[in-house]
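If you want the building blocks of each chain, they are given just below.
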Amino acid sequence: MSAPARRPYAPVRDAFVIDAVRTPVGKKNGALAAVHPADLGAAALKGLLDRSPIDPGAVDDVIVGCVDNIGPQAGNIGRTAWLAAGFPEEVPGVTVDRQCGSSQQAINFGAQAIMSGTAEVVVAGGVQNMSAIPISAAMLAGAEYGFESPFVGSQGWDHRYGTGEVSQFNGAQMIADKWGISRLEMEQWALRSHDRARDAIKNGRFDNEIVPVGDFAIDQCPRETSLEKMAGLKVLAEGGSLTAAVASQISDGASATLLASEWAVGEYGLKPRARIHHVSARGADPIMMLTGPIPATKWALEKTGLSIDDIDVAEINEAFAPVVLAWIKETGIDPDKVNVNGGAIALGHPLGATGAKLFATLLNELERVNGRYGLLTICEGGGTANVTIIERV
(Lines give C-alpha, C1' and ligand atoms only; values in the text may rest on other atoms or scores of the structure.)
Protein backbone atom coordinates (compact mmCIF):
# COMPACT_ATOMS: atom_id res chain seq x y z
CA MET A 1 0.00 0.00 0.00
CA SER A 2 1.39 3.40 -0.97
CA ALA A 3 2.08 6.04 1.66
CA PRO A 4 -0.61 8.70 2.13
CA ALA A 5 -0.06 12.07 0.49
CA ARG A 6 1.28 14.78 2.80
CA ARG A 7 0.76 18.52 2.60
CA PRO A 8 4.05 20.42 2.28
CA TYR A 9 5.31 21.94 5.52
CA ALA A 10 4.04 25.52 5.68
CA PRO A 11 4.12 27.30 9.04
CA VAL A 12 1.80 30.27 9.29
CA ARG A 13 4.07 32.48 11.42
CA ASP A 14 7.66 32.49 12.60
CA ALA A 15 8.55 31.24 16.07
CA PHE A 16 11.72 32.92 17.29
CA VAL A 17 14.18 31.57 19.83
CA ILE A 18 14.97 34.33 22.29
CA ASP A 19 17.15 32.38 24.69
CA ALA A 20 17.90 28.89 25.98
CA VAL A 21 19.54 27.91 29.26
CA ARG A 22 20.17 24.90 31.42
CA THR A 23 21.45 24.09 34.85
CA PRO A 24 24.78 22.31 35.17
CA VAL A 25 24.18 18.57 35.20
CA GLY A 26 24.74 16.74 38.47
CA LYS A 27 25.87 13.14 38.50
CA LYS A 28 23.84 10.44 40.24
CA ASN A 29 23.68 11.24 43.97
CA GLY A 30 25.77 14.31 43.25
CA ALA A 31 25.39 18.08 43.56
CA LEU A 32 21.68 18.24 42.64
CA ALA A 33 20.45 15.01 44.22
CA ALA A 34 18.85 16.71 47.22
CA VAL A 35 17.18 19.50 45.22
CA HIS A 36 13.42 19.08 44.93
CA PRO A 37 12.47 18.72 41.25
CA ALA A 38 10.18 21.75 41.46
CA ASP A 39 13.05 23.88 42.77
CA LEU A 40 15.39 22.43 40.16
CA GLY A 41 12.97 23.33 37.39
CA ALA A 42 12.46 26.74 39.00
CA ALA A 43 16.20 27.42 38.86
CA ALA A 44 16.20 27.02 35.09
CA LEU A 45 13.01 29.06 34.66
CA LYS A 46 14.31 31.93 36.82
CA GLY A 47 17.70 31.80 35.11
CA LEU A 48 15.98 32.11 31.73
CA LEU A 49 13.70 35.01 32.58
CA ASP A 50 16.37 36.86 34.55
CA ARG A 51 18.19 37.23 31.22
CA SER A 52 15.15 38.64 29.39
CA PRO A 53 13.37 42.01 29.59
CA ILE A 54 9.98 40.32 29.30
CA ASP A 55 7.48 40.41 32.16
CA PRO A 56 6.77 36.79 33.25
CA GLY A 57 3.09 37.66 33.19
CA ALA A 58 3.31 38.00 29.40
CA VAL A 59 4.02 34.28 29.01
CA ASP A 60 1.06 32.45 27.47
CA ASP A 61 2.03 28.96 28.54
CA VAL A 62 4.77 26.97 30.26
CA ILE A 63 5.46 23.54 28.76
CA VAL A 64 7.84 21.30 30.68
CA GLY A 65 9.12 17.82 29.85
CA CYS A 66 9.50 15.22 32.59
CA VAL A 67 9.63 11.42 32.73
CA ASP A 68 8.67 9.18 35.66
CA ASN A 69 6.05 11.57 36.95
CA ILE A 70 5.62 10.19 40.44
CA GLY A 71 6.35 11.57 43.91
CA PRO A 72 7.90 15.05 43.70
CA GLN A 73 7.70 14.94 39.91
CA ALA A 74 3.95 14.23 39.91
CA GLY A 75 1.05 16.68 39.98
CA ASN A 76 2.07 18.59 36.82
CA ILE A 77 5.68 19.49 37.63
CA GLY A 78 5.65 22.12 34.87
CA ARG A 79 3.05 24.11 36.75
CA THR A 80 4.65 23.46 40.13
CA ALA A 81 8.11 24.57 38.99
CA TRP A 82 6.70 27.83 37.59
CA LEU A 83 4.97 28.60 40.88
CA ALA A 84 8.01 27.52 42.90
CA ALA A 85 9.97 30.11 40.91
CA GLY A 86 7.61 32.78 42.24
CA PHE A 87 6.04 33.60 38.89
CA PRO A 88 2.42 34.72 38.27
CA GLU A 89 -0.37 32.28 39.08
CA GLU A 90 -2.38 33.32 36.03
CA VAL A 91 0.22 31.80 33.70
CA PRO A 92 -0.67 28.12 33.10
CA GLY A 93 1.70 25.21 32.88
CA VAL A 94 1.65 21.68 31.54
CA THR A 95 3.90 18.62 31.67
CA VAL A 96 4.84 16.59 28.60
CA ASP A 97 6.11 13.01 28.54
CA ARG A 98 7.60 11.84 25.25
CA GLN A 99 10.22 9.91 27.17
CA CYS A 100 13.80 11.05 26.45
CA GLY A 101 12.58 13.70 24.01
CA SER A 102 10.09 15.25 26.42
CA SER A 103 11.55 18.75 26.61
CA GLN A 104 12.34 18.77 22.90
CA GLN A 105 8.66 18.02 22.40
CA ALA A 106 7.88 20.86 24.80
CA ILE A 107 9.85 23.21 22.54
CA ASN A 108 8.12 21.85 19.45
CA PHE A 109 4.67 22.24 21.01
CA GLY A 110 5.55 25.80 22.00
CA ALA A 111 6.79 26.60 18.51
CA GLN A 112 3.63 25.14 16.99
CA ALA A 113 1.46 27.26 19.27
CA ILE A 114 3.28 30.39 18.12
CA MET A 115 3.27 29.33 14.46
CA SER A 116 -0.48 28.73 14.64
CA GLY A 117 -1.21 32.12 16.19
CA THR A 118 -2.63 30.73 19.42
CA ALA A 119 0.28 31.99 21.55
CA GLU A 120 2.76 34.84 21.44
CA VAL A 121 5.24 33.87 24.18
CA VAL A 122 5.96 30.34 25.41
CA VAL A 123 8.47 29.03 27.93
CA ALA A 124 9.44 25.43 27.18
CA GLY A 125 11.87 23.27 29.10
CA GLY A 126 12.35 20.18 31.20
CA VAL A 127 13.39 18.82 34.57
CA GLN A 128 14.52 15.49 35.98
CA ASN A 129 15.96 14.38 39.30
CA MET A 130 17.02 10.80 38.59
CA SER A 131 18.76 10.53 41.94
CA ALA A 132 15.45 11.09 43.73
CA ILE A 133 13.18 9.18 41.33
CA PRO A 134 15.07 6.31 39.65
CA ILE A 135 14.79 5.64 35.93
CA SER A 136 11.69 3.60 35.00
CA ALA A 137 10.11 4.23 38.41
CA ALA A 138 6.80 5.07 36.76
CA MET A 139 6.89 1.89 34.68
CA LEU A 140 7.35 -0.19 37.83
CA ALA A 141 4.88 1.75 39.96
CA GLY A 142 1.94 -0.33 38.77
CA ALA A 143 3.34 -3.57 40.18
CA GLU A 144 1.42 -3.24 43.44
CA TYR A 145 -1.76 -2.96 41.37
CA GLY A 146 -1.00 -6.10 39.37
CA PHE A 147 0.74 -4.56 36.36
CA GLU A 148 4.36 -5.65 36.05
CA SER A 149 4.98 -3.31 33.11
CA PRO A 150 3.03 -0.94 30.83
CA PHE A 151 2.96 -3.62 28.12
CA VAL A 152 2.34 -7.01 29.73
CA GLY A 153 -1.34 -7.89 29.63
CA SER A 154 -2.28 -5.84 26.59
CA GLN A 155 -3.76 -8.31 24.10
CA GLY A 156 -3.17 -5.94 21.21
CA TRP A 157 0.48 -5.41 22.16
CA ASP A 158 1.15 -9.09 22.78
CA HIS A 159 -0.43 -10.05 19.47
CA ARG A 160 1.66 -7.51 17.57
CA TYR A 161 4.98 -7.52 19.42
CA GLY A 162 4.98 -10.58 21.64
CA THR A 163 5.91 -10.75 25.30
CA GLY A 164 9.68 -10.32 25.02
CA GLU A 165 11.87 -7.69 26.63
CA VAL A 166 11.06 -4.06 25.92
CA SER A 167 14.04 -1.97 27.01
CA GLN A 168 16.52 0.58 25.77
CA PHE A 169 19.37 -1.78 26.63
CA ASN A 170 17.93 -4.48 24.39
CA GLY A 171 17.21 -1.99 21.63
CA ALA A 172 20.72 -0.57 21.71
CA GLN A 173 22.22 -4.04 21.43
CA MET A 174 19.93 -4.80 18.49
CA ILE A 175 21.18 -1.65 16.76
CA ALA A 176 24.82 -2.55 17.35
CA ASP A 177 24.18 -5.99 15.89
CA LYS A 178 22.15 -4.81 12.88
CA TRP A 179 24.62 -2.11 11.85
CA GLY A 180 27.69 -4.20 12.66
CA ILE A 181 29.01 -1.69 15.20
CA SER A 182 31.81 -3.22 17.24
CA ARG A 183 32.50 -2.73 20.92
CA LEU A 184 35.70 -0.91 20.03
CA GLU A 185 33.84 1.53 17.75
CA MET A 186 31.38 2.28 20.53
CA GLU A 187 34.13 2.78 23.07
CA GLN A 188 36.03 5.06 20.69
CA TRP A 189 32.93 7.23 20.37
CA ALA A 190 32.48 7.23 24.15
CA LEU A 191 36.07 8.32 24.66
CA ARG A 192 35.58 11.05 22.08
CA SER A 193 32.49 12.23 23.95
CA HIS A 194 34.42 12.55 27.22
CA ASP A 195 37.38 14.25 25.57
CA ARG A 196 35.14 16.76 23.82
CA ALA A 197 33.10 17.45 26.96
CA ARG A 198 36.16 18.12 29.11
CA ASP A 199 37.59 20.36 26.39
CA ALA A 200 34.30 22.28 26.14
CA ILE A 201 34.21 22.83 29.90
CA LYS A 202 37.85 23.88 30.00
CA ASN A 203 37.31 26.42 27.21
CA GLY A 204 34.07 27.83 28.61
CA ARG A 205 31.84 26.71 25.76
CA PHE A 206 28.93 26.01 28.10
CA ASP A 207 29.26 29.24 30.08
CA ASN A 208 26.59 31.11 28.13
CA GLU A 209 24.00 28.36 28.51
CA ILE A 210 24.47 27.40 32.17
CA VAL A 211 22.58 29.07 35.01
CA PRO A 212 23.98 28.01 38.40
CA VAL A 213 22.01 26.25 41.11
CA GLY A 214 23.37 27.83 44.25
CA ASP A 215 27.15 27.45 44.08
CA PHE A 216 26.97 24.57 41.60
CA ALA A 217 27.94 25.85 38.15
CA ILE A 218 30.01 23.22 36.29
CA ASP A 219 28.86 19.91 34.80
CA GLN A 220 29.78 17.07 37.09
CA CYS A 221 29.63 13.95 34.90
CA PRO A 222 32.66 13.89 32.54
CA ARG A 223 35.22 11.27 33.55
CA GLU A 224 38.90 10.74 33.02
CA THR A 225 38.83 7.46 31.12
CA SER A 226 40.63 5.51 28.40
CA LEU A 227 40.04 2.72 25.95
CA GLU A 228 41.99 0.44 28.26
CA LYS A 229 39.67 1.19 31.20
CA MET A 230 36.56 0.71 29.09
CA ALA A 231 37.84 -2.58 27.67
CA GLY A 232 37.99 -3.97 31.20
CA LEU A 233 34.28 -3.45 31.93
CA LYS A 234 31.76 -6.28 31.94
CA VAL A 235 29.06 -6.33 29.27
CA LEU A 236 25.52 -5.44 30.31
CA ALA A 237 24.13 -8.74 29.03
CA GLU A 238 25.77 -12.07 28.40
CA GLY A 239 26.78 -12.42 24.77
CA GLY A 240 26.36 -8.70 24.13
CA SER A 241 28.84 -5.91 23.42
CA LEU A 242 27.39 -2.99 25.37
CA THR A 243 28.94 -1.81 28.63
CA ALA A 244 28.12 1.05 30.95
CA ALA A 245 30.90 3.04 29.28
CA VAL A 246 28.91 3.44 26.05
CA ALA A 247 25.63 4.42 27.74
CA SER A 248 24.32 7.79 28.88
CA GLN A 249 24.85 8.65 32.52
CA ILE A 250 22.08 8.80 35.11
CA SER A 251 21.97 12.43 36.21
CA ASP A 252 19.94 15.42 37.42
CA GLY A 253 19.22 18.75 35.75
CA ALA A 254 16.77 21.23 34.27
CA SER A 255 16.51 23.39 31.16
CA ALA A 256 14.38 26.23 29.77
CA THR A 257 13.82 28.01 26.45
CA LEU A 258 12.04 31.25 25.61
CA LEU A 259 10.08 31.34 22.33
CA ALA A 260 8.24 34.34 20.90
CA SER A 261 6.28 35.49 17.87
CA GLU A 262 7.35 38.36 15.64
CA TRP A 263 4.73 40.53 17.33
CA ALA A 264 6.07 39.72 20.78
CA VAL A 265 9.62 40.43 19.67
CA GLY A 266 8.63 43.96 18.72
CA GLU A 267 6.18 44.53 21.58
CA TYR A 268 8.55 43.45 24.36
CA GLY A 269 11.87 44.56 22.90
CA LEU A 270 13.24 41.03 22.51
CA LYS A 271 16.30 40.06 20.48
CA PRO A 272 15.94 36.74 18.65
CA ARG A 273 18.93 34.44 18.40
CA ALA A 274 17.34 32.02 15.93
CA ARG A 275 14.04 30.96 14.48
CA ILE A 276 12.41 27.56 14.46
CA HIS A 277 12.81 26.34 10.88
CA HIS A 278 11.14 22.95 11.29
CA VAL A 279 9.59 20.64 13.89
CA SER A 280 8.37 17.08 13.38
CA ALA A 281 8.33 13.60 14.86
CA ARG A 282 8.32 10.09 13.38
CA GLY A 283 8.02 6.56 14.68
CA ALA A 284 9.91 3.31 14.18
CA ASP A 285 10.09 -0.22 15.61
CA PRO A 286 9.21 0.04 19.34
CA ILE A 287 11.26 -3.04 20.22
CA MET A 288 14.48 -1.88 18.57
CA MET A 289 13.14 1.43 19.92
CA LEU A 290 16.11 3.76 19.44
CA THR A 291 16.30 3.97 15.63
CA GLY A 292 13.69 6.74 15.43
CA PRO A 293 16.19 9.52 14.65
CA ILE A 294 16.99 7.87 11.31
CA PRO A 295 13.52 8.10 9.68
CA ALA A 296 12.77 11.30 11.59
CA THR A 297 15.82 13.05 10.14
CA LYS A 298 15.05 11.78 6.63
CA TRP A 299 11.48 13.05 7.00
CA ALA A 300 12.57 16.49 8.23
CA LEU A 301 15.07 16.96 5.41
CA GLU A 302 12.49 15.94 2.82
CA LYS A 303 9.91 18.31 4.27
CA THR A 304 12.28 21.27 4.37
CA GLY A 305 14.16 20.61 1.13
CA LEU A 306 17.45 20.71 3.02
CA SER A 307 20.25 18.19 2.60
CA ILE A 308 22.30 16.76 5.43
CA ASP A 309 25.20 18.87 4.14
CA ASP A 310 23.17 22.02 4.88
CA ILE A 311 23.29 21.20 8.59
CA ASP A 312 26.17 23.04 10.23
CA VAL A 313 25.81 21.60 13.74
CA ALA A 314 23.91 18.54 14.96
CA GLU A 315 23.00 17.27 18.40
CA ILE A 316 21.76 13.71 18.74
CA ASN A 317 21.27 12.34 22.20
CA GLU A 318 23.86 9.75 23.17
CA ALA A 319 21.45 7.38 24.86
CA PHE A 320 23.91 4.72 23.74
CA ALA A 321 26.85 5.01 21.37
CA PRO A 322 25.33 2.71 18.70
CA VAL A 323 22.33 5.04 18.37
CA VAL A 324 24.61 7.85 17.24
CA LEU A 325 26.89 5.69 15.10
CA ALA A 326 23.99 4.07 13.20
CA TRP A 327 22.44 7.51 12.62
CA ILE A 328 25.72 8.87 11.27
CA LYS A 329 26.01 5.90 8.90
CA GLU A 330 22.45 6.25 7.63
CA THR A 331 22.37 10.03 7.22
CA GLY A 332 25.91 10.46 5.89
CA ILE A 333 26.50 13.47 8.10
CA ASP A 334 30.06 14.56 8.79
CA PRO A 335 30.86 13.16 12.28
CA ASP A 336 32.82 16.33 13.04
CA LYS A 337 29.51 18.23 13.06
CA VAL A 338 27.92 15.88 15.59
CA ASN A 339 27.95 16.44 19.37
CA VAL A 340 31.06 18.55 19.03
CA ASN A 341 31.08 19.39 22.75
CA GLY A 342 30.43 15.86 23.89
CA GLY A 343 27.15 14.13 24.59
CA ALA A 344 25.16 12.29 27.21
CA ILE A 345 27.77 9.55 27.57
CA ALA A 346 30.02 12.18 29.11
CA LEU A 347 27.64 14.94 30.21
CA GLY A 348 24.67 12.94 31.46
CA HIS A 349 21.09 12.45 30.37
CA PRO A 350 18.58 13.93 32.84
CA LEU A 351 15.71 12.40 30.86
CA GLY A 352 12.99 15.06 30.81
CA ALA A 353 15.47 17.94 30.71
CA THR A 354 17.73 16.62 27.95
CA GLY A 355 15.85 17.94 24.91
CA ALA A 356 15.95 21.60 25.92
CA LYS A 357 19.44 21.10 27.38
CA LEU A 358 20.76 19.92 24.00
CA PHE A 359 18.79 22.71 22.33
CA ALA A 360 20.72 25.28 24.38
CA THR A 361 24.02 23.65 23.44
CA LEU A 362 23.00 23.53 19.77
CA LEU A 363 22.09 27.22 19.75
CA ASN A 364 25.34 28.33 21.32
CA GLU A 365 27.51 26.11 19.13
CA LEU A 366 25.73 27.28 15.98
CA GLU A 367 26.59 30.84 16.96
CA ARG A 368 30.17 29.90 17.82
CA VAL A 369 30.86 28.41 14.39
CA ASN A 370 28.84 31.12 12.61
CA GLY A 371 26.60 28.45 11.08
CA ARG A 372 23.13 28.76 9.63
CA TYR A 373 21.22 25.55 10.36
CA GLY A 374 21.32 23.38 13.47
CA LEU A 375 19.52 20.06 13.89
CA LEU A 376 18.47 18.33 17.11
CA THR A 377 17.12 14.78 17.31
CA ILE A 378 16.54 12.39 20.19
CA CYS A 379 15.57 8.72 20.28
CA GLU A 380 12.63 8.05 22.57
CA GLY A 381 11.03 5.16 24.41
CA GLY A 382 8.33 3.56 22.29
CA GLY A 383 10.33 3.96 19.08
CA THR A 384 9.70 7.62 18.28
CA ALA A 385 11.99 10.58 17.63
CA ASN A 386 11.67 14.33 17.30
CA VAL A 387 13.59 16.60 14.96
CA THR A 388 13.95 20.33 15.50
CA ILE A 389 15.83 22.46 12.98
CA ILE A 390 16.76 26.03 13.86
CA GLU A 391 18.09 28.80 11.64
CA ARG A 392 20.17 31.64 13.00
CA VAL A 393 18.87 35.14 12.49
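Before reading further, recall that the structure is shown in the block above.
Since the model is a prediction, treat every value here as computed from it, not as a measurement.

Our next topic: the overall build of the chain. For the chain, the helix and strand inventory stands at 13 helices and 10 strands. Taking 2.2 N^0.38 as the reference for a compact globule, 393 residues should give roughly 21 Å; the C-alpha atoms of the chain span a radius of gyration of 20 Å, in line with that estimate. For the chain, the C-alpha atoms occupy an extent of roughly 60 × 50 × 45 Å along the three principal directions. By residue count, 56% of the 393 residues in the chain fall in the buried class. Relative to all contacts within the chain whose residues are 6 or more apart in sequence, the contacts with residues 24 or more apart total 82%. Entry remark: accessible area of the chain is about 16100 Å², with carbon and sulfur atoms responsible for 51%. Taking the average location of the 33 positive side-chain charges in the chain and that of its 45 negative ones, the two points are 4 Å from each other.

On to the packing of aromatic side chains. Scanning all chains against the criterion turns up five aromatic pairs. Each residue in the set Phe151, Trp157 and Tyr161 is aromatic and connected to the rest through ring pairs, giving one cluster. The aromatic ring of phenylalanine 206 is capped on one face by arginine 22, whose charged end is 4.9 Å from the ring centroid. Taking the ring centre of tryptophan 299 as reference, the NZ or CZ of arginine 282 above it sits at 3.9 Å.

Turning our attention to helix α1 (residues 37–50). Between its first and last C-alpha atoms α1 spans 20 Å; for 14 residues at 1.5 Å apiece the expected length is 20 Å, and the two agree. Extensive coverage of α1 is indicated by the burial of 11 of its 14 residues. Those residues of α1 that fall on the buried side of the exposure criterion are Pro37, Ala38, Leu40, Gly41, Ala42, Ala43, Ala44, Leu45, Gly47, Leu48 and Leu49. Buried residues along α1 sit against β1 (15–22), α2 (77–84), β5 (121–129) and β6 (251–261).

Moving on to the pairing of strand β8 (residues 311–316). Of all six residues that make up β8, five are buried, and the element is covered over most of its length. Pairing of β8 with strand β9 (residues 373–380), which is carried by five bridges, proceeds in the parallel orientation. In the sheet register, valine 313 faces β9, and the bridge partner there is glycine 374.

Every α-helix winds through 3.6 residues per turn, so residues three or four apart in the chain are directed the same way. Most of helix α11 (residues 321–331) is tucked away, with nine of its 11 residues classed as buried. The complete set of buried residues in α11 reads Ala321, Pro322, Val323, Val324, Leu325, Ala326, Trp327, Ile328 and Thr331. Where α11 is buried, its residues meet α6 (168–178), α7 (183–202), α10 (293–304), β8, α12 (344–347) and β9. Positive backbone phi, approximately 75°, marks glycine 332, located one or two places after α11.

Quick look at unusual backbone geometry now. Across residues other than glycine, the phi torsion is negative in most instances, and most of the peptide bonds are trans. The phi angle at asparagine 29 is positive, at roughly 60°, despite the residue not being glycine. Among the structural elements, asparagine 29 can be located in the loop between β2 (26–27) and α1. Unusually for a residue other than glycine, asparagine 370 sits at a positive phi of about 60°. Note that asparagine 370 resides in the loop between α13 (354–368) and β9. According to the relative accessible area criterion, asparagine 370 is exposed, its value standing at 60%.

Analysis parameters
- Residues numbered from 1 in each chain as written.
- Predicted model: local features only at pLDDT ≥ 70, side-chain atom pairs only at ≥ 80, totals over all residues.
- Heavy atoms only, no water.
- Helix = DSSP H or I, 4+ residues; strand = E, 2+ residues; numbered from the N terminus.
- Rg over C-alpha atoms; globule rule 2.2 N^0.38 Å.
- Buried < 20%, exposed > 50% of the residue type's maximum accessible area, 1.4 Å probe, protein only.
- Contact = heavy atoms within 4.5 Å.
- Areas by Shrake-Rupley, 256 points an atom, 1.4 Å probe, with all protein chains shown as cover.
- Lys, Arg positive; Asp, Glu negative; His and termini not counted.
- Charge placed at Lys NZ, Arg CZ, Asp CG, Glu CD.
- Phe/Tyr/Trp six-rings, centres within 6.5 Å; stacked < 30°, edge-to-face > 60°.
- Lys NZ or Arg CZ within 6 Å of the ring centre and 35° of its normal.
- Expected span 1.5 Å × (residues − 1).
- Pairing = 2+ DSSP bridges.

Interpretation note: all reported values are geometric properties and have no functional meaning in isolation.
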